[in-house]
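Below, each chain spelled out in residue letters.
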Amino acid sequence: MIEPFVYHPFVVWSAINGFADYFQDVKSWGVITRAGFAPQQTATPALIQNTDAYKKNIYFPVQQFAQVFLTGIILFLLFRGFEFGYSYWKHGLEGSVRHLLVNSLLADFVFLFSSGISFFIPFTAIYQLHQKTADWFLKGAFFVLILMQIFLSQYFLTTLVPLGADVWGYSMAEIKLTVGASGVLNFWTIALILGVMALLVWVFKKLPTKLKVHINMAWLLVASCFIVILSKKPIRGRIRPIAVEYNQNLSVNKPQYFYSSSIKYFFPKQQFVNIYD
């Protein structure tokens, strides 16, 4: 059915071209380059070199950071969820659960993405020198971050108040006495801690390579970290106080609270004193 519309016009076009070549005395087939089945190398050596440099210095570290960063977010939120679940089972919840969850997510979001950019900058610098060292640095930083969440949330669930800079006011002897009197540190607790640490090491070793992060998504995560740093105050401004004190303490990001209170303890702001008053 398509013969009158495809085949015949092609034959007529070929005949016209043939007559034109005949009268122009064109008798050659033209230049035909034999290509074979090998892939064509159209890129110049300079372009190939620049592409390889981009992949080595920018593409791979950004993608690797995104994989480890997502792993850290997943683990952090899992242990954060355990904190909420255990708290609900042990003490129950009063007031608005929605208000509690919104405050918690905003606080965790700001903390995780602020920490992400704090890890990304030295990671990319170390990556240019030694890739393996950079990998260990990034995974170790998130490993410590997750451990802080575990220990500080456990402290909160035991004492019902978040741990702040007051820990620096105790001597080592007082800390040992308090921990020993509480009975928390025993064989099973130590075994559980070692088991959790081993699990975290295994997850950070296996999970990042399983996460297939597209380079555009990786760049989006890095850009989000910078945006959060620049808009930290407006985001935290959306965190409204909770009337129930326990819920307010539960919504607080425990590592952020410990870090900020420690900074204030060691580097207190100097108040201006007017000597003429």
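Details of the structure are given in the entry above.
A. Geometry of the pattern of salt bridges. Using the criterion set out here, one finds 4 salt bridges in the structure. With its nearest N and O atoms 3.4 Å apart, the salt bridge here joins Lys-139 to Asp-135. Taken together, the residues span about one helical turn, with Lys-139 and Asp-135 both in helix α4 (residues 131–159) at a distance of 4 residues. Judged by its relative accessible area of 16%, Lys-139 is buried. On the accessibility criterion, Asp-135 (12% relative accessible area) is buried. Via salt bridges that share partners, Arg-80, Glu-83, Asp-108 and Lys-254 belong to a single interconnected network.

B. Representation of the packing of aromatic side chains. The final tally for this structure, using the stated rule, is 16 aromatic pairs. For the pair Phe-156 and Tyr-246, a centre-to-centre distance of 5.5 Å together with 20° between the ring planes defines the contact as stacked. With Phe-156 in helix α4 and Tyr-246 in helix α9 (residues 245–251), the pair connects residues that are 90 residues apart, well separated along the chain. Ring pairing ties together the aromatic residues Phe-65, Phe-69, Phe-109, Phe-113, Phe-119, Phe-120, Phe-123, Tyr-127 and Phe-142, which thus form one cluster. Against the face of Phe-156 rests Lys-254, its NZ or CZ located 4.6 Å from the ring centre.

C. A look at the packing of helix α3 (residues 97–129) against α4. Contact geometry for α3 and α4: axes closest at 8 Å, N-to-C directions at 160°. Viewed along their axes, α3 and α4 adopt a mutual orientation that is roughly antiparallel. At the point where α3 passes α4, the crossing takes the right-handed sense. Judged by residue contacts, Phe-111, Leu-112, Ser-115, Phe-119, Pro-122, Phe-123, Ile-126, Tyr-127 and Leu-129 of α3 engage Gln-131, Thr-133, Ala-134, Asp-135, Phe-137, Leu-138, Ala-141, Phe-142 and Leu-145 from α4. Its residues assigned to classes, the contact of α3 with α4 shows 14 nonpolar, 3 polar and 1 charged.

Cut-off values and rules
Numbering of residues starts from 1 in every chain and runs along the sequence as written. Where local features are concerned, this predicted model is filtered to residues with pLDDT of at least 70; where side-chain atom pairs are given and counted, the filter is 80 or more; whole-chain, interface and lining totals use all residues. Calculated side-chain values reflect all of the structure's heavy atoms, with hydrogen atoms and water omitted. Take a side-chain nitrogen of Lys or Arg and a carboxyl oxygen of Asp or Glu: if they are within 4 Å of each other, that pair is a salt bridge. Numbering of helices and strands runs from the N terminus; a helix is a DSSP stretch of H or I covering at least four residues, while a strand is a stretch of E covering at least two. Burial classification: accessible surface area is computed with a 1.4 Å probe over protein chains only, and a residue below 20% of its type maximum counts as buried, one above 50% as exposed, and the rest as partly exposed. Aromatic pairing here means that ring centres of Phe, Tyr or Trp (its six-membered ring) are within 6.5 Å. Orientation follows from the plane angle: under 30 degrees is stacked, over 60 is edge-to-face, and everything else is tilted. For a Lys NZ or an Arg CZ to count as sitting over a ring, it must be within 6 Å of the ring centre and within 35 degrees of the ring normal. All axes here are fitted lines through C-alpha atoms, helices being fitted over the stretch that makes contact, and every angle between N-to-C directions spans 0 to 180 degrees. Between 65 and 115 degrees an angle is taken as roughly perpendicular, under 35 as roughly parallel, over 145 as roughly antiparallel, and anywhere else as oblique. By definition, turning the near helix anticlockwise from the far helix through less than a right angle yields a left-handed crossing, and turning it clockwise yields a right-handed one. Should any heavy atoms of two residues lie within 4.5 Å, those residues are considered in contact. Gly is put with the polar residues, along with every residue not named as nonpolar or charged; the nonpolar set is Ala, Val, Leu, Ile, Met, Phe, Trp, Tyr, Cys and Pro, and the charged set is Asp, Glu, Lys and Arg.

Purely geometric stuff here, so don't read any function into it on its own.
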